[in-house]
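What the coordinates show
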Amino acid sequence: MNYEDKEIQERFGKDNPFRVPAGYFDQLTERVMSQLPEREQQAEQISLTEHRSKSRRVALRPWLYAAACTVAAVVMGITFYSHESAEEQHLASTANTTTPATNTDSQYIDEAADYVMLDNAEIYACLAESEL
């Protein structure tokens, strides 16, 4: 118990000043029900049909989500595969028509060396260090 709680108890005591009238909860249900508006039979039937159609939609929702995910995955796979195969065809056509594969590899090495701005002396120094 902290200081504030002790001070409140000393000042006001431990008695609860709030009281419930006798028989309050005995008649509570009847009073609440008497204040509710009356329902019509027709409105209740309409709500049952709406509830049935809504419950079907709720039951089908996980299946619809799964179908949408599957369609999205298939479309992405087809798009990725067609892009990859087009790239492979382009590389194959350029490799077969212009230069052999070894020249293509050296071309990529030259482009990488240019990109990192290395000259031949620095490349030889790196190779010499890695051999030791």
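Above this text you will find the structure in question.
Counting secondary structure elements, the protein chain contains five helices and zero strands. Listing the helices and strands of the protein chain from first to last along the sequence gives α-α-α-α-α. By residue count, 2% of the 132 residues in the protein chain fall in the buried class. Accessible surface, the protein chain: about 13000 Å² in total, of which carbon and sulfur atoms supply 59%.

The buried fraction of helix α1 (residues 3-12) amounts to zero of the 10 residues, a small share that puts the element mostly on the outside. Within two residues after α1, glycine 13 carries a phi angle of roughly 90 degrees, on the positive side.

Glancing now at a nonpolar patch on the surface. Taken together, the side chains of Val20, Tyr24 and Phe25 define a hydrophobic patch exposed on the protein surface, amounting to about 320 Å² of accessible area. Note on placement: tyrosine 24 falls in the loop between α1 and α2 (28-35). Using a relative accessible area of 35% as the deciding quantity, one classes tyrosine 24 as partly exposed.

A few words on a negative patch on the surface. Among the surface-exposed residues, Glu4, Asp5, Glu7 and Glu10 lie close enough to one another that they form a single negatively charged patch. Its location among the elements puts glutamate 4 in helix α1. Residue classification places glutamate 4 among the exposed residues on the basis of a relative accessible area of 54%.

Rules of the game
Residues numbered from 1 in each chain as written. Predicted model: local features only at pLDDT ≥ 70, side-chain atom pairs only at ≥ 80, totals over all residues. Heavy atoms only, no water. Helix = DSSP H or I, 4+ residues; strand = E, 2+ residues; numbered from the N terminus. Buried < 20%, exposed > 50% of the residue type's maximum accessible area, 1.4 Å probe, protein only. Areas by Shrake-Rupley, 256 points an atom, 1.4 Å probe, with all protein chains shown as cover. Patch = residues over 30% accessible without salt bridge, like charges linked within 9 Å, V, L, I, M, F, W, Y side chains within 5 Å. Salt bridge = Lys/Arg side-chain N within 4 Å of Asp/Glu carboxyl O. Lys, Arg positive; Asp, Glu negative; His and termini not counted. Charge placed at Lys NZ, Arg CZ, Asp CG, Glu CD.

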